[in-house]
Amino acid sequence: MMLRHMELHSHADSVEGAVLETIKEGQVLTGDLGGRSTCSEFTQEICRKLE
């Protein structure tokens with residue numbers, strides 16, 4: 001939401017897509033999403049997808 005507020009819509013779309021793809025794959029999920037990964041591992045996976 002912050003990126004959209006700053007009118008960086010393409011960046012926001014990229015981050016949102018990486019998050020949704022990570023969740024859909026179901027391999028690197030935090031406990032609140034039904035997985036056992038840490039927040040750092042979840043974030044690293046999202047960053048990997050953005051590279």
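All of these numbers come straight from a predicted model, not from anything done at the bench.

Some words on the environment of Arg48
For step 1, the next point in the chain: Within the secondary structure, Arg48 is located in helix H3 (residues 39-50).
For step 2, the next point in the chain: C-alpha separation for the pair Arg48 and Ala18, spaced 30 residues apart in sequence, amounts to 8.8 Å.

Considering the pattern of salt bridges
For step 1, the next point in the chain: Enumeration over the complete set of coordinates arrives at five salt bridges.
For step 2, the next point in the chain: Among the salt bridges present, the one from Glu16 reaches Arg4, with a minimum N-O distance of 2.7 Å. Linking Glu16 in helix H2 (residues 9-25) with Arg4 in helix H1 (residues 2-5), this pair joins segments that are 12 residues apart in sequence.
For step 3, the next point in the chain: By relative accessible area, Glu16 is classed as partly exposed at 41%.
For step 4, the next point in the chain: Through salt bridges with shared partners, a single ionic network connects Glu25, Glu45, Arg48 and Lys49.

Looking at the UniProt feature "domain: Isopropylmalate dehydrogenase-like" (unreviewed entry) in the protein chain
For step 1, the next point in the chain: Mapped onto this structure's residue numbering, the UniProt feature "domain: Isopropylmalate dehydrogenase-like" (unreviewed entry) falls at residues 1-46.
For step 2, the next point in the chain: A helix fraction of 63% and a strand fraction of 0% characterise residues 1-46, whose end C-alpha atoms lie 17 Å from each other.

Here we look at the packing of H2 against H3
For step 1, the next point in the chain: Where H2 meets H3, the axes come as close as 9 Å, and the angle between the chain directions of the two elements is 120 degrees. One finds that H2 runs oblique with respect to H3. Pair H2 / H3 crosses with right-handed handedness. Together, Ser14, Val15, Ala18, Val19, Glu21, Thr22, Ile23 and Glu25 of H2 and Phe42, Glu45, Ile46, Lys49 and Leu50 of H3 make up the contact between the two elements.
For step 2, the next point in the chain: Among the residues making up the contact of H2 with H3, the classes are represented as seven nonpolar, two polar and four charged.

Side note on H3
For step 1, the next point in the chain: Taking 1.5 Å as the rise per residue, H3 with 12 residues should run 16 Å; its terminal C-alpha atoms sit 17 Å apart, in good agreement.
For step 2, the next point in the chain: Buried residues belonging to H3 abut H2.

Here is what the cut-offs are and how they apply
- Residues numbered from 1 in each chain as written.
- Predicted model: local features only at pLDDT ≥ 70, side-chain atom pairs only at ≥ 80, totals over all residues.
- Heavy atoms only, no water.
- Helix = DSSP H or I, 4+ residues; strand = E, 2+ residues; numbered from the N terminus.
- Salt bridge = Lys/Arg side-chain N within 4 Å of Asp/Glu carboxyl O.
- Buried < 20%, exposed > 50% of the residue type's maximum accessible area, 1.4 Å probe, protein only.
- UniProt positions renumbered as here; feature names shortened; annotations may be inferred.
- Axes fitted to C-alpha atoms, helices over the stretch in contact; angles between N-to-C directions.
- Parallel < 35°, antiparallel > 145°, perpendicular 65-115°, else oblique.
- Left-handed = near helix turned anticlockwise from the far one by under 90°.
- Contact = heavy atoms within 4.5 Å.
- Nonpolar A, V, L, I, M, F, W, Y, C, P; charged D, E, K, R; others polar.
- Expected span 1.5 Å × (residues − 1).

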